[in-house]
Amino acid sequence: MHKRLLSSSFLAILITFVMLGTTFLFWKTKQDEIFNSQKNVFSKSTSRIADKINSRLIGYELILSGVKGFYENSTVVTRSEFVNYVETINFEKNGHGLLAISLIQFVPDSKRNDYIVMMHEQGYKDYKIVPEGIRSGYAPITYIYPESENNLKVVGFDLLSKPSVSPLLIRARDTGHMAMTGRIKLVQDSQTQGNSAQVIYVPIYNKQKSILTLSERRIAISGWVSAPFRFRNLMSSLPNPVDDGINLDIYEGNVIDSNKHLYGSGRSHQIKRHDVQFFTSNTINVGGQQWTLGFSTLPTFDENFNVSTHHWLAVLGAGFSILSGSLVWLLGVGRNNALILAEQM
């Protein structure tokens, strides 16, 4: 009698645990599928965002390379020719976040006076190279577009006199490649707070001279074409810059440092440390500068996935498992009681 009851109880427990185990395996499989799907979507999204930023920077370089080609293939570029060229490329529409385009000429001290006379003839009646003083060479901003009142204030400023810029001009000259500053204060913004920017420089050479070696490039340098931009303008120029459910923060350098924060997608306030399901960082290297892109998921990231259905199915499965085991046990108890009555008759 007791053996029959124990056998029924064992069978009920066995069925319950087998069904619970099957339910758990179903839940775990679905959970892993959702996790892998989320991880894959997050990875593709972060790569896509980084590619967008890289593509925009390549576009910036192409714009400057166009101005470089225009200058190098012209005998002389006047102020009006420079303005007409930049207007032709529809800078306001195709600049995609660039604040301005400038032509910077390299002027040896021996040609300083001739250069100033030329600038007076171009319509800059009060033109002078600033800061004043005798130096072996100068890199004054010669032309700038757009010719706004604020931009025109910087015409004549010698960028070789600016410690944060001079090494970049020299590096661009010596390598023949684009160079970019870190965060600097633009001369135009010297009277304002904040508003730091970064500036791209592309070297311009005398096409009549060879530039195969370092010494040849130093002799052939004619100047630079430059363009400043701010990260918020760059990002706002991108279509759908950051996907829903993802937060982006960009830092200067190769580490995440709040003191070197360049840009935030404005969603950091939505994040609590325990809510971050995925986090990754990518680096972008351009013009000698390195940026770290920090990506993290927001609580809304899960809204793009059906993350609750399998939980409810697992609850129902667990309930059904327990119910099935209970029914088997009750049937066993009932059968055992019936057999006891039969034996007593």
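Refer to the structure printed above.
Residues numbered from 1 in each chain as written. Predicted model: local features only at pLDDT ≥ 70, side-chain atom pairs only at ≥ 80, totals over all residues. Heavy atoms only, no water.

*Asks:* Tell me about the overall build of the chain, and name the residues and values.
*Replies:* Looking only at helices and strands, the chain has nine helices and eleven strands in total. Considering the chain as a whole, with its 345 residues, one finds that 41% of them fall into the buried category. The contacts in the chain between residues at least 6 apart in sequence include a share of 67% that link residues at least 24 apart. Split by element, the accessible area of the chain, about 18,900 Å² in all, is 57% carbon and sulfur. (Helix = DSSP H or I, 4+ residues; strand = E, 2+ residues; numbered from the N terminus. Buried < 20%, exposed > 50% of the residue type's maximum accessible area, 1.4 Å probe, protein only. Contact = heavy atoms within 4.5 Å. Areas by Shrake-Rupley, 256 points an atom, 1.4 Å probe, with all protein chains shown as cover.)

*Asks:* Residues and numbers for the packing of aromatic side chains, please.
*Replies:* Tallied over the entire structure, the rule returns ten aromatic pairs. Ring centres 6.2 Å apart and planes at 70 degrees place the aromatic pair Phe229 and Phe231 in the edge-to-face group. Each member of the aromatic cluster is reached from another via a ring pair, and the members are Tyr60, Phe229, Phe231 and Trp291. Above the ring of Tyr124, the side-chain terminus of Arg79 is found at 4.1 Å from the ring centroid. Taking NZ or CZ as reference, Arg112 lies 5.6 Å from the ring centre of Tyr138, over its face. (Phe/Tyr/Trp six-rings, centres within 6.5 Å; stacked < 30°, edge-to-face > 60°. Lys NZ or Arg CZ within 6 Å of the ring centre and 35° of its normal.)

*Asks:* Provide a residue-level description of the sheet that holds strand 7 (residues 221–229), including the pertinent values.
*Replies:* On the basis of which strands lie adjacent, the open sheet formed by five strands has the order 4-1-7-6-5 and antiparallel pairing. The sheet is open, and its two edges are formed by strand 4 (141–145) and strand 5 (179–180), each paired on a single side. Of the pairings in the sheet, the one linking strand 1 (residues 101–105) to strand 4 comprises four bridges and is antiparallel in character. Each bridged residue has a counterpart across the sheet, and for Leu103 the counterpart in strand 4 is Tyr143. Helix 6 (residues 166–175) contacts strand 5, strand 6 (198–205) and strand 7 of the sheet and is inclined by roughly 40 degrees relative to strand 6. (Pairing = 2+ DSSP bridges. Axes fitted to C-alpha atoms, helices over the stretch in contact; angles between N-to-C directions.)

*Asks:* Lay out the sheet that holds strand 11 (residues 289–297) with the relevant residues and their values.
*Replies:* Within the open sheet, the four strands sit side by side as 9-8-11-10. Their pairing is antiparallel. Among the strands making up the open sheet, the edge pair consists of strand 9 (261–264) and strand 10 (279–286). Across the sheet, the axes of successive neighbouring strands diverge by a mean angle of 20 degrees, strand direction being ignored.

*Asks:* I'd love a proper account of the side chain of Arg112, names of residues and values included.
*Replies:* As for its position among the elements, Arg112 is in helix 4 (residues 112–121). Residue contacts for Arg112: discarding those within four places in its chain leaves Val107, Ile129 and Tyr138.

*Asks:* Please give an account of unusual backbone geometry that cites residues and values.
*Replies:* Residue Pro131 is bonded to the preceding Val130 through a cis peptide linkage, with omega at -5 degrees. In the segment running from Tyr145 into Pro146, the intervening peptide bond is cis, with an omega of 0 degrees. Along the chain, the position of Pro146 falls in the loop between strand 4 and helix 5 (149–152). The backbone of Asn90 sits at a positive phi, close to 55 degrees, despite the residue not being glycine. Mapped onto the fold, Asn90 is located in the loop between helix 2 (79–88) and helix 3 (91–94). Judged by relative accessible area, Asn90 falls into the partly exposed class, the value being 34%. Located in the positive-phi region is His96, a residue other than glycine, with phi close to 50 degrees. You can call His96 partly exposed: its relative accessible area is 32%.

*Asks:* Give a detailed account of the side chain of Ser222, specifying residues and quantitative values.
*Replies:* With respect to the helices and strands, Ser222 occurs in strand 7. Setting aside residues no more than four positions away along its own chain, Ser222 makes contact with Tyr71, Ile104, Gln105, Phe106, Ile204, Tyr205 and Asn206.

*Asks:* Describe helix 6, naming the residues involved and giving the relevant values.
*Replies:* Along helix 6, the positions that sit buried rather than exposed are Ser166, Leu168, Leu169, Ala172, Arg173 and Asp174. Elements in contact with the buried residues of helix 6: strand 5, strand 6, helix 7 (214–220) and strand 7. Just downstream of helix 6, Gly176 is the residue with a positive phi angle, here 80 degrees.

All we've got here are geometric facts, nothing functional implied.
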